[in-house]
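Here is how the chains run, residue by residue.
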Amino acid sequence: MEKTSQTKQVLNRLKRTEGQIRGVQKMIEEEKECMDVMTQLSAIRSSIDRVMGIIVAENLKDCLEDPEKDPQEQTKKLEKAIQMIIKK
């Protein structure tokens, strides 16, 4: 199965985030400055937020591209996407 460019983008971003998390672990082990650790944690949070946004946007795009495909299923997907956005 071929991965879409959106899937590749999400996976690449998650791999970068994984590396950032390992970097923060090392920073803590090396007792780096609190503000430096917090800066990295903030960057990790932003990266995760971006991944969530991409996934929600893709879900919405799927719903809007072919709404007559299965109206009930489309409505469920839209409601889930909205709930994900609201929870943030």
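Residues numbered from 1 in each chain as written. Predicted model: local features only at pLDDT ≥ 70, side-chain atom pairs only at ≥ 80, totals over all residues. Heavy atoms only, no water.

Trainee: Before we go on, may I ask you to explain the overall build of the protein chain in this structure?
Mentor: In terms of helices and strands, the protein chain carries three helices and zero strands. What you see in the protein chain, going N to C, is helices and strands ordered as α-α-α. In terms of C-alpha radius of gyration, the protein chain reaches 17 Å, well past the compact-globule figure of 12 Å for 88 residues. Principal-axis analysis of the C-alpha atoms places the extent of the protein chain at approximately 55 × 30 × 15 Å. Looking at the protein chain as a whole, 16% of its 88 residues qualify as buried. Counted over contacts in the protein chain with a minimum sequence separation of 6, partners at least 24 positions apart contribute 51%. Of note, the protein chain has its 17 positive side-chain charges centred 2 Å away from the centre of its 16 negative side-chain charges. (Helix = DSSP H or I, 4+ residues; strand = E, 2+ residues; numbered from the N terminus. Rg over C-alpha atoms; globule rule 2.2 N^0.38 Å. Buried < 20%, exposed > 50% of the residue type's maximum accessible area, 1.4 Å probe, protein only. Contact = heavy atoms within 4.5 Å. Lys, Arg positive; Asp, Glu negative; His and termini not counted. Charge placed at Lys NZ, Arg CZ, Asp CG, Glu CD.)

Trainee: Before we go on, may I ask you to explain the pattern of salt bridges in this structure?
Mentor: Note that side chains of opposite charge can pair when their charged atoms are close. Considering all chains together, one arrives at three salt bridges under this definition. The shortest N-O distance in the salt bridge between Glu18 and Arg22 comes to 3.3 Å. One end of the pair, Glu18, and the other, Arg22, are both in helix α1 (residues 5-29), four residues apart, so they sit about a helical turn from each other. Accessibility expressed as a relative area gives 44% for Glu18, which makes it partly exposed. (Salt bridge = Lys/Arg side-chain N within 4 Å of Asp/Glu carboxyl O.)

Trainee: Would you mind showing me how to read α1 here?
Mentor: Spacing of three or four residues puts side chains on the same side of an α-helix, whose turn is 3.6 residues. Between its terminal C-alpha atoms α1 stretches 36 Å, which fits the 36 Å expected from 25 residues at 1.5 Å a residue. Three or more residues of α1 are buried, namely Val10, Arg13, Thr17, Val24 and Met27. Residues of α1 that are buried sit in contact with α2 (34-65). Just beyond α1, the residue with positive phi is Glu31, at close to 55°. (Expected span 1.5 Å × (residues − 1).)

Trainee: Sorry if this is basic, but what is going on with a nonpolar patch on the surface here?
Mentor: A contiguous nonpolar patch, built from Leu11, Leu14, Ile48 and Met52 and spanning about 290 Å² of accessible area, is present on the exposed surface. Taken together, the elements giving at least two residues each to the nonpolar patch come down to α1 and α2. Relative to the helices and strands, Leu14 resides in helix α1. Assessed through its relative accessible area of 36%, Leu14 is described here as partly exposed. (Patch = residues over 30% accessible without salt bridge, like charges linked within 9 Å, V, L, I, M, F, W, Y side chains within 5 Å. Areas by Shrake-Rupley, 256 points an atom, 1.4 Å probe, with all protein chains shown as cover.)

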